[in-house]
Amino acid sequence: MKEEITYEAIKEVFTAYLHKKKLRKTPERYAILEKIYLSEAHFDAETLCSDMQTEYRVSLATVYNTIEIMLDCSLIVKHPFVGLTSKYEKTFGKTTHHHLICSKCGNVREFTDKKIQTMLKSKTFATFETTHYSLYLYGLCNKCKPQKKKSLKN
Ligand SMILES: [Zn+2]
Ligand SMILES: [Zn+2]
């Protein structure tokens, strides 16, 4: 279910939103938008900001500000992640997937499941139109799971 979406199309949505909200169309904001567009990963503001420094100098405040704008126009989503830093992910051009979140370290993994996908797709509501969905499973990753002590017997 991967949709091919061009950067131009994303840029149009973003530009229209900036225009509507009377926000400035700065090159910094577009640089951040492009960086997010090119990435497939979940990201947090600080890592994104430091990753960008070699190509384009942007301040952390601008990164946060642009993230807020992109959240508002639904180009990215904020995940209910555990831990200190909020993680985000682009909403466009990604295959429908679900998340496994470690409730101890906040580590996240993605998985896909055809059965869940088919099941949720067949669910329709008379007074609600579903556009997308996301599923979060919480638990402990391998690193955080208490290690079973190897028995010396046997
Ligand atoms: Zn963990
Ligand atoms: Zn994801």
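The structure presented is a predicted model; accordingly, all values stated were derived computationally and were not measured. Along each chain, the written sequence defines residue order, and numbers are assigned to residues from 1. The order in which chains are written sets their letters, starting at A; the order in which ligands are written sets their numbers, starting at 1. Thresholds applied to this predicted model are a pLDDT of at least 70 for local features of residues and 80 or more for the giving and counting of side-chain atom pairs; totals over whole chains, interfaces and linings are not thresholded and use all residues.

(A) Geometry of the overall build of the protein chain. Secondary structure summary: the protein chain contains five helices and five strands in total. Only C-alpha atoms enter the radius of gyration; for comparison, a globular chain is expected to reach 2.2 Å times N to the power 0.38, where N is the number of residues. A compact globule built from 154 residues should have a C-alpha radius of gyration of about 15 Å, whereas the protein chain, at 19 Å, is more than 25% larger. Taken over the C-alpha atoms alone, the protein chain extends approximately 70 × 45 × 25 Å along its principal axes. Put plainly, a residue is buried at 20 or more neighbouring C-beta atoms within 10 Å of its own, exposed at 12 or fewer, and partly exposed in between, counting only other residues' C-beta atoms, which are placed from the backbone. In the protein chain, which comprises 154 residues, the share counted as buried stands at 16%. A separation threshold of at least 6 residues defines the contact pool for the protein chain, and within that pool the share at least 24 residues apart is 52%. Strands here mean DSSP runs of E at least two residues long; helices mean DSSP runs of H or I at least four residues long; both are numbered from the N terminus. C-beta atoms are placed from the backbone for every residue, and two residues are taken to be in contact when these atoms lie within 7 Å.

(B) View of the packing of helix 3 (residues 45-52) against helix 4 (residues 60-72). Closest axis-to-axis distance for the helix 3/helix 4 pair is 9 Å, and the angle between their directions is 125 degrees. The angle between helix 3 and helix 4 falls in the class oblique. The handedness of the crossing between helix 3 and helix 4 is right-handed. Within the contact between the two elements, helix 3 uses Ala45, Glu46, Leu48 and Cys49 and helix 4 uses Leu60, Val63, Tyr64 and Ile67. Helix axes use the C-alpha atoms of the stretch in contact, all axes being lines fitted to C-alpha atoms, and the angles between their N-to-C directions lie in the range 0 to 180 degrees. Here the word oblique covers every angle except those under 35 degrees (roughly parallel), over 145 (roughly antiparallel) and from 65 to 115 (roughly perpendicular). What makes a crossing left-handed is the near helix being turned counterclockwise from the far one by less than a right angle; a clockwise turn instead makes it right-handed.

(C) Representation of unusual backbone geometry in the model. Positioned with a positive phi, lysine 22 is a non-glycine residue whose angle comes to about 55 degrees. Turning to its location among the elements, lysine 22 is positioned in the loop between helix 1 (7-20) and helix 2 (27-38).

(D) Expanded view of the domain arrangement of the protein chain. Throughout, the edges of the domains are those of an automatic or database domain assignment. If you check the domain split of the protein chain, you get domain 1 (1-94) and domain 2 (96-154). Here the C-alpha centre of domain 2 lies 24 Å away from the C-alpha centre of domain 1. With nine residues of domain 1 at the interface, the matching set in domain 2 holds eight residues. Of the residues belonging to the side of domain 1 that touches domain 2, the class tally is four nonpolar, three polar and two charged. Under the grouping applied here, Gly and all other residues not named as nonpolar or charged are polar, the nonpolar ones being Ala, Val, Leu, Ile, Met, Phe, Trp, Tyr, Cys and Pro and the charged ones Asp, Glu, Lys and Arg.

(E) Local environment of helix 3. Ala45, Leu48 and Cys49 are the residues of helix 3 that are buried. For helix 3, the angular spread of the buried residues around the axis is 100 degrees, confining them to a single face. Opposite its buried face, helix 3 presents the exposed residues Glu46, Ser50 and Asp51, each directed more than 90 degrees away. Those residues of helix 3 that are buried lie in contact with helix 2 and helix 4. By arc we mean the arc of the directions from the helix axis to the C-beta atoms, nothing more.

(F) Layout of the nonpolar core. Here a nonpolar core is just a set of buried residues of the types Ala, Val, Leu, Ile, Met, Phe, Trp, Tyr and Cys, joined wherever their C-beta atoms sit within 7 Å. Formed by 16 residues in total, the largest nonpolar core has its most connected members in Val63, Ile67 and Ile76. Mapped onto this core, the elements with two or more residues apiece are helix 1, helix 2, helix 3 and helix 4. Those residues within four positions of isoleucine 67 in sequence are excluded, and the remaining contacts are Ala45, Ile76 and Tyr88.

(G) Structural detail: the sheet that holds strand 5 (residues 136-139). One open sheet holds the three strands; their spatial order is 4-3-5, and the pairing between them is mixed. Only two strands of the sheet have a single partner each, and these edge strands are strand 4 (108-111) and strand 5. Neighbour-to-neighbour, the strand axes of the sheet open up by a mean angle of 25 degrees, direction not taken into account. Pairing analysis gives four bridges linking strand 3 (residues 98-102) to strand 5, with the strands arranged parallel. Bridging across to strand 5, leucine 100 finds its partner in leucine 137. Should DSSP find at least two bridges between two strands, the strands are taken to pair.

(H) Summary view of the environment of lysine 78. Along the chain, the position of lysine 78 falls in strand 1 (residues 76-79). With 13 C-beta atoms packed within 10 Å, lysine 78 lands in the partly exposed category. Measuring from C-alpha to C-alpha, the distance between lysine 78 and lysine 121 comes to 22 Å, with 43 residues separating the pair along the chain. Setting aside residues up to four positions removed in sequence, lysine 78 forms contacts with Leu71, Ser86 and Tyr88.

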